[in-house]
Amino acid sequence: MNRTLRRSTVLVLAAAVLALGGCASTAGSTPSPSATTEQSSLSGDLTVYAAASLSGAFDAIGEAFVAENPEVRFSPVYDGSSTLVTQILEGAPADVFASADEANMGKAADVTADPTLFASNTLVIAVPSGNPGGVETLADLADVTTVLCAPEVPCGAASAKLLAAADVTVDASSLEQNVTAVLTKVAASEADAGLVYATDVIGRSDVEAVVPDGADEVVNHYPIAALSDAPNAEAADAFVAFVLSAAGQKILADFGFGAP
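Residues numbered from 1 in each chain as written. Predicted model: local features only at pLDDT ≥ 70, side-chain atom pairs only at ≥ 80, totals over all residues. Heavy atoms only, no water.

Thoughts on the state of the cysteines
Put plainly, a disulfide is one covalent bond tying together the sulfur atoms of two cysteines. Quick note on the threshold: Whenever a pair of cysteine sulfur atoms sits within 2.5 Å, that pair is classed as a disulfide. The classification of residues rests on relative accessible area computed with a 1.4 Å probe and restricted to protein chains. Under 20% of the type maximum is buried, over 50% is exposed, and intermediate values are partly exposed.
This model, assessed by the stated rule, comprises one disulfide. A sulfur-sulfur separation of 1.7 Å characterises the disulfide bridge that pairs Cys149 with Cys155. Residues Cys149 and Cys155 share a disulfide whose torsion about the S-S bond is about -100°; that sign makes it left-handed. The same class applies to Cys149 and to Cys155, which are both buried.

Written out as structure tokens, the structure reads:
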């Protein structure tokens, strides 16, 4: 998938959402009710299928979007991108799909319209607070209890690439279907370490992050698209545009995501 991904479409959609609701100047800012009600014609349910690593950021984006479009009911579904795309292809009534990698978005090519990159992320080693296993490098993961994402999940594919580049083989204690499950096991000290996204550990006191060598060479690029047969097509297009707008990008940056 070309990383330029229809830059002109991005501009058109971003302009459209500005016209509909007015771009929020800061994350979580709320326009006046009278201006919002007069300017927004959107309504109904908006179901967004998004990678688990996006949960915090998309909760905040959804709140800001609904503040501008109060008749819209935002319903996010978070899980591993591979799980979500399977559900979408089986007919789940999603309006928008936001994947943690381009490969899983590619699987939905027949049912998505104009995927566009909107964020990026890298991996870190997550360890329980205090780092009881003394993990300092990727090589240490081979000698402690390590949990990883399953290989079909974006964080798992990225983990495999990072470990291979470092010539490290890890016999994982478990392979999880999303990055949230990896972090949960590490935080509960069920594992000494796990590979998660840098954004997952921000603001956490129960885990610490070790940035491994080579992490900056393994970058996940996140695409987003409205579904071609979205039940609420107008709101879906507007939500995608909001994510791509300055307001949406600021929220993503506040949650630690990099530029597309």
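Topic: empty space enclosed by the protein
Which entries qualify depends on this criterion: Lining residues are those with an atom within 4 Å of a point, where the points come from a 1 Å grid over the protein atoms alone and group into cavities, where a 1.4 Å probe fits but cannot get out, or pockets, open sets with protein on both sides within 12 Å along at least five of seven lines. Grid points are joined across faces, edges and corners, and a volume is the space filled by probe spheres set on the points. Amino acids outside the nonpolar list (Ala, Val, Leu, Ile, Met, Phe, Trp, Tyr, Cys, Pro) and the charged list (Asp, Glu, Lys, Arg) are all regarded as polar, and Gly is one of them.
All chains considered together, the criterion is met by one cavity of 30 Å³ or more. Ala51, Ala52, Ala100, Val153 and Tyr197 are, among the 13 residues lining the largest cavity, the residues nearest its centre. The residue inventory of the lining of the largest cavity, partitioned by class, reads eight nonpolar, four polar and one charged.

Focus: the environment of Val170
What counts here: Numbered from the N terminus, helices here are DSSP runs of H or I no shorter than four residues, and strands are runs of E no shorter than two. By definition, residues are in contact when any of their heavy atoms lie within 4.5 Å.
Checked against the element boundaries, Val170 lands in the loop between α6 (154–165) and β6 (174–176). Considering only alpha carbons, one finds Val170 and Val147, 23 residues apart in sequence, at a separation of 9.2 Å. Val170 has contacts with Leu141, Ala142, Thr146, Leu148 and Leu163, leaving out every residue within four places of it along the chain.

Here we look at the packing of aromatic side chains
So the rule is basically this: Between the rings of Phe, Tyr and Trp (Trp by its six-membered ring), a pair exists once the centres lie within 6.5 Å; its type follows the angle of the planes, with under 30 degrees stacked, over 60 edge-to-face, and the other angles tilted.
Inspection of every chain in the model, using the stated rule, returns eight aromatic pairs. Centroid distance Phe58 to Phe239: 5.7 Å. Interplanar angle 75°. Geometry classified as edge-to-face. Taken as a pair, Phe58 in helix α3 (residues 55–68) and Phe239 in helix α8 (residues 233–244) lie far apart in primary sequence, 181 residues in all. On the basis of relative accessibility, which here comes to 0%, the residue Phe58 falls in the buried class. For Phe239, a relative accessible area of 0% puts it in the buried group.

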